[in-house]
Amino acid sequence: MVLSRSGYQRLAAVVFIVLLGLAAAGRGMGDIPLESHEIYVAQTAENMLESGDWLVPRLNGEYRLTKPPLSYWLVAGAGAVTGQAQVSPALARAPSVLALVGIALLAAWMGARLFEPRVGLLAGLMCVASFSAFKYGHNARPDMLYAFWTTAVLAVWLALREVSPRQARYGAWAMWLLFALATLTKGPQAPAIMLGGAVVYEGLFGTGWRAVWRRLHAVAGLAIVAVVVLPWYLWLRAAIGATTLDDSQVSGALLSVDITRLFAPFYFLRTPLLWLPWALLLPVAGLQIWRDRRGPSGLLAFGVLFAMAVFTLGPQYREIYMLPWLAPAMVVFAAALVRVPAARVCVALVLVVVAAGLAWLLYQSGLAGLASVLAALVALVAAGHALSQRHTARSAGWVAIAFAIGLFQGGAVPKLWSSQRYEELAFTQRLAGVVDADTPVVVWDIDAAHYSYYLGRPARGFEALDRVCDWIGTQRGRLVLVYPQERRAELAQRLVLDSVLGPRDSEFQASWVAAGRDCSADTVSGS
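Residue numbers run consecutively from 1 along every chain, following the written order of its sequence. Reporting in this predicted model follows two pLDDT cut-offs: at least 70 for local features of residues, and 80 or more for side-chain atom pairs to be given and counted; totals over whole chains, interfaces and linings ignore these cut-offs and use all residues. Excluded from the side-chain calculation are hydrogens and water; included are all heavy atoms of the structure.

(A) Up close: helix H16 (residues 326-339). The helix and strand labels rest on DSSP assignments: H or I over at least four residues marks a helix, E over at least two residues marks a strand, and numbering proceeds from the N terminus. Every helix has an expected span of 1.5 Å times one less than the residues it contains. Helix length check: H16, at 14 residues, gives a terminal C-alpha distance of 20 Å against a target of 20 Å (1.5 Å per residue), a fit within 8%. For H16, the buried fraction is high: 13 of the 14 residues fall into the buried class. Three exposure classes are used, based on accessible area relative to the maximum for each residue type with a 1.4 Å probe and protein chains only: buried under 20%, partly exposed in between, and exposed over 50%.

Encoded structure:
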C-alpha cells in the first residue's frame with residue numbers, strides 16, 4: 001500500500017502525538033515514589049503473581065474489593081511477561097501512560113472526524129499537554145485506563161452516525177465490548193454517563209429517539225456486557241461469599257443519589273483545573289459551543305455538562321471522576337481555536353502562563369533542566385511568531401508542544417510531587433536496612449501500604465491505638481511499630497519504645513516493641 005501525501009501527514013501526526021505523550025507522562029514513571037492508591041494497584045497485582053490466584057484481589061492479606069480486577073490483571077500480566085516478581089513503579093504506571101496516549105489519539109480522531117484535521121491534531125496535542133496528563137498519566141490508579149475505555153465508547157458512538165446498518169451493528173457490539181472493559185476496570189458509571197449524555201443529546205436535538213435506539217443495539221449490547229463481566233463477578237461471589245461481596249464497593253455499596261446536591265458547584269469549579277492551561281480558552285469555547293449548539297460542539301459540551309450534573313448527585317466528590325471527559329473538552333477547545341477569531345487573545349494568555357511556568361521549572365531544576373527548557377522556549381518563540389502572523393491554531397500547537405516538553409522535564413522535578421512521598425520512601429529504605437525480613441511490622445495512624453510495599457512484607461495498619469495494642473498482644477516476638485513522630489508522646493504513655501533508627505528529623509518514627517505486652521492502660525514510657 002502506498003500512502004498519499006495526506007496519508008503520510010496523518011501518520012506523522014499520530015507518531016508525533018504518541019512520542020509527545022510518552023515523553024510527557026513517561027518521564028519519572030520509575031523514579032517518582034508511589035502514593036498509597038498506586039501501591040494498592042501494585043501490591044494487589046503482586047499478590048496475584050505470588051499466589052497464582054487472579055480471581056480474588058487481595059492486598060496485605062485481605063480482600064481488595066474496592067475496584068474490579070482489570071487494572072490488576074494488566075499490571076500482573078505485564079509483570080509475568082517481564083519476569084518481575086515485585087511490581088516496580090514503572091510497571092504499575094505503564095497502563096496509565098499508554099492509556100493517556102490512547103486518549104490523545106482518540107481526541108485527534110474525533111476532532112478530525114467531527115471538524116477537520118487541524119482540529120484533530122490540536123486536540124491530540126492539547127490532551128498530552130494538560131494538567132490531567134501530568135498528574136494522572138504518572139499515576140498507577142486505574143482512572144486513566146478507565147478514561148481511555150470510556151472515551152473509546154464515545155468515539156465509536158460518534159462513528160456509528162455515518163456507516164451502513166451492517167457496520168453500525170458490528171460497531172455497536174464493539175462499543176458495548178469497550179463498555180464492558182470499562183466496567184471491569186472501575187465500574188459501569190462513567191461509560192453509562194458518557195453514553196447517556198450522547199444519547200440524550202441526540203434524542204432531543206439530533207436524529208430523534210427512534211434512530212438513536214436503533215443505533216444503540218441495547219439488548220445485544222447489554223448481553224455482551226453481561227457475558228464479559230458477570231463470570232468474574234459470579235466466580236468471586238462463590239469464592240468469598242455473597243455477604244462479603246454484597247457489602248463491598250464492587251457491588252455498588254457506595255452508590256447513592258441525593259437530588260438536593262444538584263446545584264453544588266464542585267465539578268463546575270474543579271473540572272476546569274484538569275484542562276489547564278487550556279481552561280483559559282473557556283470564553284472562546286463558549287462562543288464556539290453557542291454557534292455550533294446543534295452540531296458537534298453542542299453534542300460534546302452537553303456530554304461534559306451532563307456528566308458534571310450526574311456526578312454532583314453522587315455521594316463522593318472527586319475531580320478525577322471527570323477524567324474521561326478530557327478528550328471531548330479538548331476537541332471543543334481545538335474547534336474554538338480554529339473557528340473563533342477571538343481565540344487569538346486567549347492563546348496569547350496561555351502562552352504567557354506557559355512561559356512563566358517554564359521559568360519556574362528552570363529555577364527548580366537548574367542546569368539539569370536547561371536543555372528541555374530551552375527547547376520549550378524555542379517552541380514558544382515559534383508560537384509567538386505564528387500568533388503575530390494571526391495563525392492562531394498553529395500558535396496553539398506550538399504552545400502545546402512547549403508545555404508538553406515542560407511536562408517532560410517536570411517528571412524529574414521532585415518539587416512538583418508531594419514531599420511526603422520522598423520522605424516516606426527514604427524512611428522505609430532506612431528501615432529496610434535495619435529490620436530483618438521476619439520481623440512483624442505494625443503501622444499506627446499512617447497508611448500501611450508504603451511499608452508493606454517497600455519492606456516487601458505484610459504490614460498491619462490500624463487507626464485506633466487500642467487495636468494496635470490488641471494486635472501486639474497476639475504476637476510472640478519483638479516487632480516494629482511505625483507511627484507519626486508527632487504522636488510519640490501519646491504512644492509512650494502506653495508502651496515502652498526503643499527507637500529503631502534513633503533520633504532524626506522526620507515526621508515518621510519506628511520503635512521496637514516487646515510482643516505480648518498489654519498497652520490497654522497507661523504505662524511508664526521508656527526511651
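(B) Representation of the packing of helix H18 (residues 370-388) against helix H19 (residues 392-410) in the model. Relative orientation of the contacting elements H18 and H19 amounts to 170°, with a least axis distance of 8 Å. Here H19 runs roughly antiparallel to H18, going by the angle between their axes. Across the interface between the two elements, Ser372, Ala375, Ala376, Ala379, Leu380, Ala382, Ala383, Ala386 and Leu387 from H18 touch Thr392, Arg394, Ser395, Trp398, Val399, Ile401, Ala402, Ile405, Phe408 and Gln409 from H19. Looking at the contact of H18 with H19 residue by residue, the classes come out as 14 nonpolar, 4 polar and 1 charged. Angles here are taken between N-to-C directions and fall from 0 to 180 degrees, while the axes themselves are lines fitted to C-alpha atoms, restricted in helices to the stretch in contact. Oblique is the label for any angle not covered by the other classes, which are roughly parallel (under 35 degrees), roughly antiparallel (over 145) and roughly perpendicular (65 to 115). Note on contacts: a residue pair is in contact if any heavy atoms of the two residues lie within 4.5 Å. We call Asp, Glu, Lys and Arg charged. Ala, Val, Leu, Ile, Met, Phe, Trp, Tyr, Cys and Pro are nonpolar, and the rest, Gly among them, are polar.

(C) How the structure looks around unusual backbone geometry. The linkage connecting Leu276 with the following residue, Pro277, adopts the cis geometry, with an omega of 0°. Mapped onto the fold, Pro277 is located in the loop between helix H13 (266-274) and helix H14 (282-291). Of note, the phi angle at Asp445 is positive, near 65°, even though the residue is not glycine. Within the fold, Asp445 resides in the loop between strand S3 (441-444) and helix H21 (449-455).

(D) Representation of a nonpolar patch on the surface within the structure. Together, Tyr8, Leu11, Val15, Leu19, Leu22 and Leu98 make up an exposed nonpolar region whose accessible area comes to about 580 Å². Per-element tally for the nonpolar patch: the top contributor is helix H1 (residues 5-26), with 5 residues. By secondary structure assignment, the location of Leu11 is in helix H1. Here a patch means residues that are over 30% exposed by relative accessible area and free of salt bridges, tied together within 9 Å if like-charged and within 5 Å if nonpolar (Val, Leu, Ile, Met, Phe, Trp, Tyr). Areas reported here follow the Shrake-Rupley algorithm with a probe of radius 1.4 Å; residue values treat only the protein chains shown as occluding. Each reported salt bridge corresponds to a side-chain nitrogen of Lys or Arg within 4 Å of a carboxyl oxygen of Asp or Glu.

(E) Structural detail: the layout of surface pockets. In this structure, the second largest pocket encloses a volume near 840 Å³. Listing elements by their share of the lining of the second largest pocket, those giving two or more residues are H1, helix H4 (89-114), helix H5 (117-128), H16 and H19. Among the elements that line the lining of the second largest pocket, the one with the most residues is H1, at 7 residues. Note on definitions: the grid is 1 Å and covers protein atoms alone; a cavity is a set of points where a 1.4 Å probe fits but cannot get out; a pocket is an open set with protein on both sides within 12 Å along at least five of seven lines; lining residues have an atom within 4 Å of a point. Grid points are joined across faces, edges and corners, and a volume is the space filled by probe spheres set on the points.

(F) Representation of the pairing of strand S4 (residues 459-462) within the structure. A pair of strands counts as paired when DSSP detects no fewer than two bridges linking them. Examined bridge by bridge, S3 and S4 share 4 bridges and lie parallel to one another. Counterpart to Trp444 in the pairing with S4 is Phe462. Read as a crossover between parallel neighbours, the route from S3 over H21 to S4 is right-handed. A clockwise path from the first strand over the helix to the second, with the strands pointing away from the viewer, defines a right-handed crossover.

(G) A look at the side chain of Asp143. Summarising the element assignment, Asp143 is placed in helix H7 (residues 143-159). On the accessibility criterion, Asp143 (6% relative accessible area) is buried. Polar contacts involving the side chain of Asp143 include one to the side chain of Lys186, which spans 2.3 Å. The residues contacting Asp143, other than those within four sequence positions of it, are Lys186, Ile320 and Leu323. Pairs of N or O atoms within 3.5 Å make up the polar contacts considered here, provided that, within protein, one atom can donate a hydrogen while the other can accept it, and that residues adjacent in sequence are counted only when both atoms are side-chain atoms.

(H) Expanded view of the packing of helix H9 (residues 189-205) against helix H15 (residues 296-312). The geometry of H9 relative to H15 is characterised by a closest axis approach of 8 Å and an angle of 125° between their N-to-C directions. By the angle between their axes, H9 is oblique relative to H15. Crossing handedness for the pair H9 and H15: right-handed. Between H9 and H15, the residues in contact are Ile193, Gly196, Gly197, Ala198, Val200, Tyr201 and Glu202 and Gly298, Leu299, Phe302, Phe306, Ala307, Val310 and Phe311, respectively. Split by residue class, the contact of H9 with H15 holds 10 nonpolar, 3 polar and 1 charged. A clockwise turn of the near helix away from the far one marks a right-handed crossing, whereas an anticlockwise turn of less than a right angle marks a left-handed crossing.

(I) Seen up close, the pattern of salt bridges. Scanning the entire structure with this criterion turns up 14 salt bridges. Among the ionic pairs, Glu35 bridges to Arg141, the shortest N-O distance being 3.3 Å. Here Glu35, found in the loop between H1 and helix H2 (36-51), pairs with Arg141, found in the loop between helix H6 (131-137) and H7; they are 106 residues apart in sequence, far enough to count as distant. On the basis of relative accessible area, Arg141 is assigned to the partly exposed category, the value being 24%. One salt-bridge network, in which partners are shared between bridges, spans Glu38, Arg93 and Arg421.

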